[in-house]
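# Summary of structural features
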Amino acid sequence: MNVENKIELLQADITKIIADAIVNAANTSLLGGGGVDGAIHRAGGPEILEECRKIVARQGGGKTGEAVITNAGRLPAKYVIHTVGPVWNDGKYHEEEKLANCYKNSLQLAVDNNCKTIAFPNISTGIYRFPKDGAAKIAVDMVKDFLSKTDKIEKVVFVCFDDENYGLYEALLN
Ligand code: ADP
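The structure contained in this document is the topic of the report that follows.

Rules behind the numbers
Residues numbered from 1 in each chain as written. Predicted model: local features only at pLDDT ≥ 70, side-chain atom pairs only at ≥ 80, totals over all residues. Heavy atoms only, no water. Salt bridge = Lys/Arg side-chain N within 4 Å of Asp/Glu carboxyl O. Helix = DSSP H or I, 4+ residues; strand = E, 2+ residues; numbered from the N terminus. Buried < 20%, exposed > 50% of the residue type's maximum accessible area, 1.4 Å probe, protein only. Axes fitted to C-alpha atoms, helices over the stretch in contact; angles between N-to-C directions. Left-handed = near helix turned anticlockwise from the far one by under 90°. Contact = heavy atoms within 4.5 Å. Nonpolar A, V, L, I, M, F, W, Y, C, P; charged D, E, K, R; others polar. Near = heavy atom within 4 Å. Polar contact = N/O pair within 3.5 Å; in protein donor to acceptor, adjacent residues only side chain to side chain. Areas by Shrake-Rupley, 256 points an atom, 1.4 Å probe, with all protein chains shown as cover. 1 Å grid on protein atoms, 1.4 Å probe; cavity = no way out; pocket = protein on both sides within 12 Å on 5 of 7 lines; lining within 4 Å. Sits in = over half its atoms within 2 Å of the grid points. Phe/Tyr/Trp six-rings, centres within 6.5 Å; stacked < 30°, edge-to-face > 60°.

### A short note on the pattern of salt bridges
For the coordinates displayed, the defined rule picks out nine salt bridges. D145 is paired through a salt bridge with K149; the nearest N and O atoms lie 2.9 Å apart. Placement of both D145 and K149 in helix α4 (residues 132–149) is noted, with a separation of four residues, approximately one turn of the helix. Residue classification places K149 among the exposed residues on the basis of a relative accessible area of 63%. When salt bridges that share partners are traced, they join K132, D162 and E164 into one network.

### With respect to the environment of R42
You can see R42 is positioned in helix α1 (residues 35–44). In sequence terms R42 and K63 are 21 residues apart; their C-alpha atoms lie 23 Å from each other.

### As for the packing of helix α3 (residues 95–112) against α4
In the contact formed by α3 and α4, the axes pass within 9 Å of each other and the chain directions differ by 35°. Every pair of crossing elements has a handedness; the one defined by α3 and α4 is right-handed. Between α3, through E96, L99, A100, Y103, K104, L107, Q108 and V111, and α4, the contact on the second element is made entirely by A135, I138, A139, M142, V143 and F146. The residue makeup of the contact of α3 with α4, split by class, is 11 nonpolar, one polar and two charged.

### Thoughts on the site of the ligand
Taken together, 16 residues lie around the ligand, and V36, S124, T125, G126 and I127 are the ones closest in. Contact distances for the ligand include 2.9 Å between a nitrogen atom and a backbone N or O atom of I14. Between the ligand and T125 there is a distance of 2.8 Å, counted from an oxygen atom to a side-chain nitrogen or oxygen. Here the ligand, which alone exposes 560 Å², has 91% of that area covered by the protein. Most atoms of the ligand, that is more than half of them, are within 2 Å of grid points of the largest pocket. The greatest single-element share of the shell around the ligand, amounting to three residues, is contributed by α1. Looking at the shell around the ligand, its residues break down into eight nonpolar, six polar and two charged.

### Description of the packing of aromatic side chains
All chains considered together, the criterion is met by four aromatic pairs. Each ring, one from Y103 and one from F120, has its centre 4.8 Å from the other, and the planes form 40°; the classification is tilted. Here the residue Y103 occupies a position in helix α3, and F120 occupies one in strand β5 (residues 117–120), the gap between them amounting to 17 residues. Taken individually, Y103 and F120 each receive the classification buried, so the pair is uniform in this respect. In textbook terms, an aromatic cluster arises when at least three aromatic residues are bridged by ring pairs, as seen for Y103, F120, F158 and Y169.

Function cannot be inferred from these measures alone, as they are strictly geometric.
The following block contains the structure:
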């Protein structure tokens, strides 16, 4: 199957998505926050946080661009992959490369855990202020690149929350 046919676009609340893994735009504490992170922990319940605490006890917090995996508590997904997006700082601190790493490392962790379907929010484009157009391009490019190199992932869903992101992804994917 070609790469384009494995990519789906939705405007939705990611906590409602049925997939092997949904991705959380976490922060370095890995212990919850605002935006999509807050929504995932609220809807998923305390089991997710419990596993996050164990990870923090073992390895410390999360590093920007990296990803860890936990259960999904009460969510319909099987796993939550928590990745730490970069805070936008005028592009002076390798934010673009770090955002690409979020997508790449999340996809690799999904493959390592036999996940075939994965849903992404628009990492870093909320509280972390990464420009939405640049972030969408990085997300689409990295996902396409990854899918062209492995057949282990069957479906990637970009879950946009706001109209602006949805419009940007629609333009890039169609
Ligand atoms: P970051 O700190 O990485 O910027 P945010 O959670 O503030 O993370 O925002 C990331 C994106 O997630 C934003 O585009 C925001 O609109 C979106 N978002 C917020 N809540 C949800 C949700 N329930 N489902 C999907 N996306 C969401």
